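Observations on the three-dimensional arrangement
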Amino acid sequence: MTKPSFTPRVFSGIKPSGGLHLGNYLGAIKRFVQMQGGEFETIYCVVDLHAITVWQNPAELRDGTREVAAGFIASGIDPETSILFNQSQVPEHAELAWIFNCVARVGWMNRMTQFKDKAGANAEAVSLGLYAYPALMAADILIYHATHVPVGEDQKQHVELTRDIAAKFNHDFKVDFFPLSEPVIGGPATRVMNLRDGTKKMSKSGESDMERINMTDDADSIAKKFRKAKTDPAPLPDTFEALEGRPEARNLVDIYAALADITPEEVIAQYAGAGWGVFKPALADLAVDKLAPISTEMARLMADKAEIDRILARGAERARDIAAPILRQTYDIVGLLGK
Ligand code: TYM
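Residues numbered from 1 in each chain as written. Predicted model: local features only at pLDDT ≥ 70, side-chain atom pairs only at ≥ 80, totals over all residues. Heavy atoms only, no water.

1. Here's the deal with helix H8 (residues 156-172)
Look at H8: 24 Å from first C-alpha to last across 17 residues, which is about the 24 Å you get at 1.5 Å a residue. When H8 is considered as a whole, its buried residues turn out to be His158, Val159, Leu161, Thr162, Ile165, Ala166, Phe169 and Asn170. (Helix = DSSP H or I, 4+ residues; strand = E, 2+ residues; numbered from the N terminus. Expected span 1.5 Å × (residues − 1). Buried < 20%, exposed > 50% of the residue type's maximum accessible area, 1.4 Å probe, protein only.)

Structure, rendered in structure tokens:
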């Protein structure tokens, strides 16, 4: 049998829980924008079904979904060029996830480090959905036969599991139906760290708001958070390698590089020997410069929720045009009767 050739297609998603932060922007959204309009068909999704694996207040979930959509658009995702929608409006994701629940093995799920981190000592009491989450993520990707998946470093294991699920499905049913999707992880900001502890990643769930830059923060809070960011006493070194063992310093250099679209080595070349009193204000100015127009545009978009809802509904229709035939073919392969 000749190998099928898959349309170059990008899929990625962001959970609408707890608001967007700089890690989501630099590790994901900014790169989604870069992949738009070129060789790939691009599909971007607000993954609301993933959010409810932990408790969500319904009104906050609705608004959080619109806010992530606004964040995508304000950052440069064009809902005409890309397909932009929220996951629950395309039921094929959940339907394919069920098939994948029957393909993936319990042992595979037990190896997922994110589940272990999130469930912690409480693993018996978390939702079954949180445990099965990676099978839904595989369905998100494979319901579009997506070939490329831009994500931050923390999602790499889930994309690898997606490949394992695709390979097992193809093998079990003796088909070459699902592609082995490639994770696309690159640039200086694949793992933006917590501003108060450079050994932990920046996340929505940290206890203090000072740990992260939110995409809705105003200029004063951005400047204050960088000013108070933890660092060590030494100035910036004159080589990038000398940042080894200085996680907080390395993080701020990486953030600067990602915001300025230059390499960390170039940041070092520019600021070698500079103290934090020089570098932190420069970083804060750069961040305000890049993020303030986005947060202003997000606020403008959020003032017309009906328009955001229309954009998401239209995106969902376009997504279903791709997803429905792939689900139908999957059902045929599995032996589920239907037209
Ligand atoms: P989520 O919502 O936690 O994060 C969305 C995206 O942001 C990236 N990210 C980061 N990148 C760099 N530094 C950080 N500190 C940081 N924090 C978050 C994440 O890697 C991700 O790319 N399971 C996914 C959502 C999802 C998905 C998918 C992604 C569901 N289905 C299908 C790709 C394809 C998640 O919880 O991401």
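Structure shown, so let's carry the discussion forward.
2. Regarding the layout of surface pockets
Here the second largest pocket is characterised by a volume of approximately 240 Å³. Together, 17 residues line the second largest pocket, and Phe240, Pro247, Arg250, Asn251 and Asp254 are the ones closest to its centre. The element best represented in the lining of the second largest pocket is helix H10 (residues 247-260), accounting for four residues. Looking at the lining of the second largest pocket, its residues break down into six nonpolar, five polar and six charged. (1 Å grid on protein atoms, 1.4 Å probe; cavity = no way out; pocket = protein on both sides within 12 Å on 5 of 7 lines; lining within 4 Å. Points joined across faces, edges and corners; volume = space filled by probe spheres on them. Nonpolar A, V, L, I, M, F, W, Y, C, P; charged D, E, K, R; others polar.)

3. With respect to the domain arrangement of the protein chain
Taken domain by domain, the protein chain comprises domain 1 (9-184 + 304-334) and domain 2 (209-300). Distance from the C-alpha centre of domain 1 to the C-alpha centre of domain 2: 30 Å. Listed per partner, the contact involves 14 residues of domain 1 and 15 residues of domain 2. Counting each side, the surface lost to burial between domain 1 and domain 2 is near 1,200 Å², with a carbon and sulfur contribution of 72%. On the domain 1 side of the contact with domain 2, Leu22, Tyr25 and Ala74 bury the most area, a combined 40% of that side's loss. With its nearest N and O atoms 2.7 Å apart, the salt bridge here joins Asp261 to Lys30. Scanning the region where domain 1 abuts domain 2 turns up four residue pairs in polar contact (both at pLDDT 80 or more). Going through the elements one at a time, helix H1 (22-35) and helix H3 (58-75) are the ones with two or more residues in the side of domain 1 that touches domain 2. (Domains from an automatic or database assignment. Contact = heavy atoms within 4.5 Å. Buried area = accessible area lost by both parts, 1.4 Å probe. Salt bridge = Lys/Arg side-chain N within 4 Å of Asp/Glu carboxyl O. Polar contact = N/O pair within 3.5 Å; in protein donor to acceptor, adjacent residues only side chain to side chain.)

4. A word on the nonpolar core
By size, the foremost hydrophobic cluster in this structure holds 60 residues, and its most contacted members are Leu22, Leu26, Phe72, Phe226, Leu252, Ile255 and Phe279. Ranked by the residues each element gives to this core, the list is headed by helix H12 (residues 276-302), at twelve residues. Counting only domains with at least three residues in this core, you end up with domain 1 (9-184 + 304-334) and domain 2 (209-300). With 46 residues, the next largest nonpolar core counts Val103, Ala138, Val151 and Phe178 among its residues. (Core = buried A, V, L, I, M, F, W, Y, C linked by side-chain atoms within 4.5 Å.)

5. Observations regarding the site of the ligand
Taken together, 27 residues form the shell around the ligand, and within it Lys15, Tyr133, Asp140, Asp154 and Val192 come nearest. Between the ligand and Gly152, the relevant distance is 2.8 Å, taken from an oxygen atom to a main-chain nitrogen or oxygen of the residue. Within the backbone of Val192, an N or O atom sits 2.8 Å from a nitrogen atom of the ligand. For the ligand, the protein covers 98% of the area, taking 700 Å² as the surface of the free molecule. Of all elements in the fold, only strand S1 (9-14), H1 and helix H7 (128-142) reach the threshold of two or more residues within the shell around the ligand. Within the shell around the ligand, the residues separate by chemical class into twelve nonpolar, ten polar and five charged. (Near = heavy atom within 4 Å. Areas by Shrake-Rupley, 256 points an atom, 1.4 Å probe, with all protein chains shown as cover.)

6. Concerning the pattern of salt bridges
Opposite charge on two side chains lets them pair, provided their charged atoms get close. Per the stated rule, a full pass over the model turns up 21 salt bridges. Residue Lys225 pairs with Asp209 through a salt bridge whose shortest N-O separation is 3.0 Å. Linking Lys225 in helix H9 (residues 219-227) with Asp209 in the loop between strand S7 (197-201) and H9, this pair joins segments that are 16 residues apart in sequence. Judged by its relative accessible area of 3%, Lys225 falls in the buried class. Here Asp209 falls in the partly exposed class, since its relative accessible area comes to 38%. Of the charged contacts in the structure, one is a salt bridge between Arg310 and Glu307, with a shortest N-O distance of 2.9 Å. Taken together, the residues Arg310 and Glu307, both in helix H13 (residues 305-334) and three residues apart, mark about one turn of the helix.

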